[in-house]
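Survey of secondary and tertiary structure
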Amino acid sequence: MGANSGEGVMIPSKGKAMHVIGFIRTLLIVLGAAVCFAADCSGADALEIVRDGVGQATIVVAANDKDATTGGGELQTFIERMSGAKLPIVAEGEPVEAGGIIIYVGHTEAANAAGVKIPAGFDPTIRPDMYEEEGYVVKTKGRRIFVGGNGDGPYHGTLYGVYALLESLGCRWYFPGDWGEVIPQKKTVTVGVLDVESKPDFAMRNIWIDGRWLISNENRQIHKQWTLRVGFSKHSLNAGIETMYPTPGDGYLAHPLQPKEYAEKHPEWYSMDESGVRDIEPERSSSFAMLCLSNEEMAAEYIKNVGEAFEGKRKIGNVSDLGVGISPPDGAPYCYCEKCKASSENFNYPRYVHKTMQTEEVCRFINKVAAAFPDKQVGVAAYSLRDIAPQGVKLLPNVSVMQAPISCCVIHPNDDPTCWRRQEFIKNLVQWVKLTPHVWLYDYTQGMLVSQFEPERDVTNFSINAPIYKKIGIKGFGRQGSNAMMATWIGYYTSAKLMWDVDADIEELKKDFYNTFFGAEAGPHVQAWWDACEAKQFESRLHVHESWLLVHLYTADFTRSIRKHVEAARQAEMTDQQRERFEIFELIAEHFEKS
């Protein structure tokens, strides 16, 4: 459902994992973060933390709490940018002006004394409900505001609580960087009576940016900061440094058996090609080396080396204290030796990548490694020739699965009965979750693998897909993103909100964005242009993930037909800043018409 803000903007609210009392005088708090800050006049006074440009509050941060320090700094920065008032920050225990409003950030002693229970704790034990301790609270008691969350292990609950509070005051971070943010200007900043508790619907909430479309190191850092502001989980920028599950990146399989060390001594440990040749040489990178998975001596040496890496005696790129991630090289590598061919079950699987599936063989090997290290996580990529869940192989409890459906249709949502590929994908995902509770999705946004940056449909599709994924029971997402805003648009922002709260209203999220970012007059016209592109894809019976096929949808007649929305927006009233944003959108529309 939606709730109306004091600015006349509809903001999505959440009706679970929370209880709300009191009145928020100027706005309701939320936007996706799986919370609801609701309103009720019932006589409670709002807290003016800034009045007529003068600060009325002090920020008190928990001692020895990095996220509390960072969060306190973010509160101070954005409140000053809103009002001109710079609220003082002190560490708990330092003197505070008597009688003033105090904003406590983090696990403070004051919160404990006031009976405010802040989420805490991280249990790394391998179990079905791993990584489900995250959450935050935002509460008021008299003239005190408490913001805190779980910051143990991989969690950042305090920061998420801080940003939810700032969102209630009108702050938005639609895109990374200054260009994508909206900071309202107001001389009086008011917070209502709050009693909020929030937990995310998915433990793992990541979109990392690949290197296909160039992105500078500076912009990577900007993106990294932005991910926390919108609710993504830790290390959402880096595909290979997950703090929850070990990432089974392409080519990680052979890292423990480097060709420079083993190729000449044991060529039989590496795969045989279709001509019967063990095509391996010492100079080859392990990232491009496929192993002969049926070779027992290879498996024994592999396990020995991984064990030495856990003990600190050997350094292997895909081994960390968390565990080991394993995946053959990218493409469709396969060992054609007689023993490997004999071990194949030869099931009549769909050949999404035009070769025989080898999920059973790979999962049997994964189980050998997992059995040797039962207190470590062993990750495997369900990708390419390992896409389809295995039959007759029961995964061990410490095995996690990264499902990467690279050949899946990206035009249609999971519930579209006309999309055979999406229906097969969901059935397969369900089978993987039956084998292990530790399944996370590595899908692609932008979804078109070969693209000319045409508008895609992920904004609406993910709003449909997220509740389905929650019902299935996956742990979350490590989506592969791109520096391609003209294709993905606000999809990363809305994905973040939906990963935290699958019930967030996508239409209200969109309305809030378009009306805020472009203005109440121009926003609906810009939205109409993007909505028309999404609708055009949805009505198609094509099932694709390569953009060159979109010429059958995005015809010259269609691109001309939606030009009217651009023209109408241009004529609308906008502030100078909103018009600058519109001009960027206009370039996207121009590129689309000419591509």
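Residues numbered from 1 in each chain as written. Predicted model: local features only at pLDDT ≥ 70, side-chain atom pairs only at ≥ 80, totals over all residues. Heavy atoms only, no water.

The geometry of helix α9 (residues 420–435) relative to helix α10 (residues 458–472) is characterised by a closest axis approach of 10 Å and an angle of 30 degrees between their N-to-C directions. By the angle between their directions, the pair α9 and α10 is classed as roughly parallel. Read as a crossing pair, α9 and α10 show a hand that is right-handed. Across the interface between the two elements, R422, F425, I426, L429, V430 and V433 from α9 touch N465, I468, Y469 and I472 from α10. For the contact of α9 with α10, the class distribution of residues is eight nonpolar, one polar and one charged. (Axes fitted to C-alpha atoms, helices over the stretch in contact; angles between N-to-C directions. Helix = DSSP H or I, 4+ residues; strand = E, 2+ residues; numbered from the N terminus. Parallel < 35°, antiparallel > 145°, perpendicular 65-115°, else oblique. Left-handed = near helix turned anticlockwise from the far one by under 90°. Contact = heavy atoms within 4.5 Å. Nonpolar A, V, L, I, M, F, W, Y, C, P; charged D, E, K, R; others polar.)

Our next topic: unusual backbone geometry. Cis geometry is found at the peptide bond from T445 to Q446, where omega equals 20 degrees. Within the element layout of this structure, Q446 appears in the loop between β19 (444–445) and α10. We note that D52 has phi near 50 degrees; this positive angle belongs to a residue other than glycine. Along the chain, D52 falls in the loop between β3 (47–51) and β4 (54–55). Although it is not a glycine, N346 adopts a positive phi angle of roughly 55 degrees. Relative to the helices and strands, N346 is located in the loop between α7 (338–343) and α8 (359–372).

This part takes up the pattern of salt bridges. Side chains bearing opposite charge may pair, as long as their charged atoms lie close to each other. Taken as a whole and assessed by the stated rule, the structure comprises 37 salt bridges. R364 is the salt-bridge partner of E345, the closest N and O atoms lying 3.3 Å from each other. Pair noted here: E345 is in the loop between α7 and α8 and R364 is in helix α8, with a separation of 19 residues, a long-range link. Members of the salt-bridge network, linked through shared partners, are E261, E301, K304, E308 and R314. (Salt bridge = Lys/Arg side-chain N within 4 Å of Asp/Glu carboxyl O.)

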